[in-house]
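Here is what each chain is made of, one letter per residue.
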Amino acid sequence: MRFGRLARVAAEELAEVLWPTRCVSCDQPGELICDECRARLPWVEQRLACPICGAPFGFLTCTECAGNWVARSTIAALDFHGTAARMVTCLKDAHELRLAPVMAAAMLTALEEASAWDAPDGAPRFSPGDVDGVCFVPATASAYARRGFDHMELVSRELSAASGLPLADVLVRAAARDQRELGREERAENLAGTMRVCEDVCGMRLLLLDDVATTGASINEAATALLARGAASVTACVLARVW
């Protein structure tokens, strides 16, 4: 076993020599996210964010969720542009799996900040003591086959380990058209009935994770499925919010 660890370390060091780590945003060698790009991350200020859909600056008046958001509250860590967008793309499509713990850490940072602010139900937007499990919006079978992994499962496992909250891998997803091609109403229609709960979630208070929220169609469909199977509440958290 000791030899195996040494072999892995040697392989990682050789890989770093042959293919040096580069910043996913500016391509400078050194770190996955360099100091300059880290300093420019578009963090969402939680006190100003919509307590329903997580849209930046939507606290007083939000035009993004239009009253049709299913989760009790949604927390977004970053605005979806620049480095935040590159993080998602590089994890999903470039197989830079080392970004999973980075994304989980960013989401945990946002959750901690959001714990100081109320959701529409008057309770904190996030409280670790009020969460029974961490679940995630799953990839379709075709996306999993294409990539060889479910990127949100990786992020969720990292967040679960870092927070001490149990992982609840309870959702499965049927095939649907690529959401990027569709408008707001088409996204909801495209995902209708595609999420299914495969484990008992009755009475559970769940934290639902996804990478990006645009119209909220994926989060809404997942939250609807969980609540229909008896979940007590669903709070959502995403790395980035499009608005």
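Right above here is the structure, for reference.
The model shown is predicted, which means the values in this text are computed figures rather than measured ones.

Caption draft 1: Quick peek at the overall build of the protein. The secondary structure content of the protein amounts to 8 helices and 6 strands. Seen in sequence order, the protein has helices and strands lined up from the N terminus as α-α-β-α-α-β-α-α-β-α-β-β-α-β. Burial statistics for the protein: of 243 residues in total, 47% are counted as buried. Excluding contacts between residues fewer than 6 apart, the proportion of contacts in the protein whose partners are at least 24 apart in sequence is 71%. Of the roughly 12200 Å² of accessible surface on the protein, 54% is carried by carbon and sulfur atoms.

Caption draft 2: Up close: the environment of Ser127. Mapping Ser127 onto the fold places it in the loop between helix 4 (99–114) and strand 2 (133–136). Distance in space between the C-alpha atoms of Ser127 and Ala114 is 8.7 Å, their sequence separation being 13 residues.

Caption draft 3: Structural context of the pairing of strand 6 (residues 233–241). Counting buried residues along strand 6, 8 of its 9 residues qualify, which places the element largely inside the surrounding structure. Relative to strand 6, strand 1 (residues 73–79) runs parallel, the two being bridged by 6 bridges. Following the sheet pairing, Ser73 is matched in strand 6 by Thr235. One ladder, built from 8 bridges, connects strand 5 (residues 205–213) with strand 6; its direction is parallel. If you follow Asp210 over to strand 6, its bridge partner there is Val238. For the crossover from strand 5 across helix 8 (residues 217–228) to strand 6, the handedness is right-handed.

Caption draft 4: Here's a closer look at the pattern of salt bridges. Enumeration over the complete set of coordinates arrives at 10 salt bridges. The closest approach of N and O atoms between Arg38 and Asp35, which form a salt bridge, is 2.7 Å. Pair noted here: Arg38 and Asp35 are both in helix 2 (residues 35–39), with a separation of 3 residues, about one helical turn. Ionic pairing is found between Asp121 and Arg72, a salt bridge with its closest N-O pair at 2.9 Å. You can see Asp121 sitting in the loop between helix 4 and strand 2 and its partner Arg72 sitting in the loop between helix 2 and strand 1, a full 49 residues away along the chain.

Caption draft 5: Representation of the side chain of Asp79 in the model. As for its placement among the helices and strands, Asp79 is situated in strand 1. Polar contacts involving the side chain of Asp79 include one to the side chain of Trp243, which spans 3.2 Å. Beyond its immediate stretch of four places on either side in the chain, Asp79 contacts Pro42, Val44, Ala84, Ala240, Arg241 and Trp243.

Caption draft 6: Representation of the packing of helix 4 against helix 6 (residues 151–163) within the structure. Taken N-terminus to C-terminus, the directions of helix 4 and helix 6 make an angle of 55°; their axes are 8 Å apart at the nearest point. Between helix 4 and helix 6, the crossing angle belongs to the class labelled oblique. As helix 4 runs across helix 6, the sense of the crossing is right-handed. Contacts between helix 4 and helix 6 involve Ala100, Pro101, Met103, Ala104, Met107, Leu108 and Leu111 on the former and, on the latter, Met152, Leu154, Val155, Glu158, Leu159, Ala162 and Ser163.

Rules used in this analysis
- Residues numbered from 1 in each chain as written.
- Predicted model: local features only at pLDDT ≥ 70, side-chain atom pairs only at ≥ 80, totals over all residues.
- Heavy atoms only, no water.
- Helix = DSSP H or I, 4+ residues; strand = E, 2+ residues; numbered from the N terminus.
- Buried < 20%, exposed > 50% of the residue type's maximum accessible area, 1.4 Å probe, protein only.
- Contact = heavy atoms within 4.5 Å.
- Areas by Shrake-Rupley, 256 points an atom, 1.4 Å probe, with all protein chains shown as cover.
- Pairing = 2+ DSSP bridges.
- Right-handed = clockwise from strand over helix to strand, strands pointing away.
- Salt bridge = Lys/Arg side-chain N within 4 Å of Asp/Glu carboxyl O.
- Polar contact = N/O pair within 3.5 Å; in protein donor to acceptor, adjacent residues only side chain to side chain.
- Axes fitted to C-alpha atoms, helices over the stretch in contact; angles between N-to-C directions.
- Parallel < 35°, antiparallel > 145°, perpendicular 65-115°, else oblique.
- Left-handed = near helix turned anticlockwise from the far one by under 90°.

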